[in-house]
Amino acid sequence: MDLNDREGGGDLRSNAPGRGAVFDPNPRVTFGYRCCRLIFVGLLGAWFRPHVSGRERVPKDGPVIIAPVHRSFLDFGFAAFVTDRKLFFMAKDELWKSSLLGRLLLGLGAFPVHREAADREALRHAEGVLQHGQTLVLFPEGTRKAGTTIGELMEGAAFLAARTGATIVPVGIGGSDRAMPKGSRFPKPVRVRIAVGEPISAPEHNERGRVPRSRVHATTEVLHRRLQEAYDAARS
């Protein structure tokens, strides 16, 4: 099977939170979005004093996948420090149990993902963001992990890059695991360092205009290596 024939995983429960939520990958930065981002980034900046290196590596236009390590719930927020571009991201569908919170998240560029199965709807939303030339935050490790070594990555970032031509930017975040580890209720004022790694071009199409799965896998391997390098740099 080649990549262009792949549609996604299995069906989802129709009653899962956030199913049918109307998501619009609108690139327009609204007043509400600007205010919420300013407040959120300001609070994180004051509490964790993040130091960012390699920010110039993030493309200023065109489709981009920001691919950070994931050691803390706060990593979503720290991704905002690497670019001024509007960010779109997946969020666990349990957050849509509150209709008010769900509407707020949609307005801030989030869309629900059901993590217990391959989610076709979330995949379509992610692809739509990139086809509109926007910036998507996608954690290639899937869920929060522990430790200093990057384990096996999911191939979603490379798959979406192949479909849309997006550039993948690995991002290491050092200190977030100590600031708010899994299970913590309140973040500690730990200094956080963010290192932007070397960007990765989308897998190339073959002479038939398709992207073989082997090239998707090879791109994931490159992402694994550069994400580890970025994480090591952020922790040093």
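One structure accompanies this document, and this report is about it. Predicted model only: the values in this text are computed from it and were never measured.

In this section: the packing of helix α5 (residues 156-164) against helix α7 (residues 213-235). The contact between α5 and α7 brings their axes to 8 Å, and the two run at 125°. Here α5 lies oblique to α7, going by the angle between them. Like other packed secondary-structure pairs, α5 and α7 cross with a definite hand, here right-handed. Residues Ala157, Ala158, Phe159 and Ala162 of α5 pack against Val216, Thr219, Thr220 and Leu223 of α7. Partitioning the contact of α5 with α7 into residue classes produces six nonpolar, two polar and no charged.

Under the definition given, this model contains five salt bridges. Arg57 serves as the salt-bridge partner of Glu198, at 3.5 Å between the closest nitrogen and oxygen. With Glu198 in the loop between β7 (193-196) and α7 and Arg57 in the loop between β1 (51-53) and β2 (64-68), this pair connects stretches of sequence that are 141 residues apart. Residue classification places Glu198 among the partly exposed positions, given a relative accessible area of 42%. Measuring nitrogen to oxygen at the nearest pair gives 3.7 Å for the salt bridge that ties Asp232 to Arg235. Remark: Arg235 and Asp232 occur in helix α7; sequence separation between them is three residues, near one turn of the helix.

What follows concerns the sheet that holds β7. Strand pairing in a sheet relies on backbone hydrogen bonds, with the paired strands running either antiparallel or parallel. Strand order in the open sheet formed by seven strands is β1-β7-β6-β2-β5-β3-β4, with mixed pairing between adjacent strands. Of all strands in the sheet, those bounded by a partner on one side alone are β1 and β4 (110-113). Going from strand to strand, the sheet's axes swing by 25° on average, the running direction of each strand aside. By the bridge criterion, four bridges tie strand β6 (residues 167-174) to β7 in an arrangement that is antiparallel. Counterpart to Ile173 in the pairing with β7 is Ile194. On top of the sheet, helix α4 (residues 120-131) reaches β2, β3 (87-92), β4 and β5 (135-137); it is set at about 150° to β4, its chief contact.

Turning next to the nonpolar core. By size, the foremost hydrophobic cluster in this structure holds 58 residues, and its most contacted members are Ile65, Ile66, Phe78, Phe111, Leu136, Leu160 and Ile168. Ignoring anything within four residues of it in the chain, the contact list for Ile168 reads Ile65, Ala67, Ala157, Ala158, Ala161, Pro199, Ile200, Thr219 and Leu223.

Procedures and definitions
Residues numbered from 1 in each chain as written. Predicted model: local features only at pLDDT ≥ 70, side-chain atom pairs only at ≥ 80, totals over all residues. Heavy atoms only, no water. Axes fitted to C-alpha atoms, helices over the stretch in contact; angles between N-to-C directions. Helix = DSSP H or I, 4+ residues; strand = E, 2+ residues; numbered from the N terminus. Parallel < 35°, antiparallel > 145°, perpendicular 65-115°, else oblique. Left-handed = near helix turned anticlockwise from the far one by under 90°. Contact = heavy atoms within 4.5 Å. Nonpolar A, V, L, I, M, F, W, Y, C, P; charged D, E, K, R; others polar. Salt bridge = Lys/Arg side-chain N within 4 Å of Asp/Glu carboxyl O. Buried < 20%, exposed > 50% of the residue type's maximum accessible area, 1.4 Å probe, protein only. Pairing = 2+ DSSP bridges. Core = buried A, V, L, I, M, F, W, Y, C linked by side-chain atoms within 4.5 Å.

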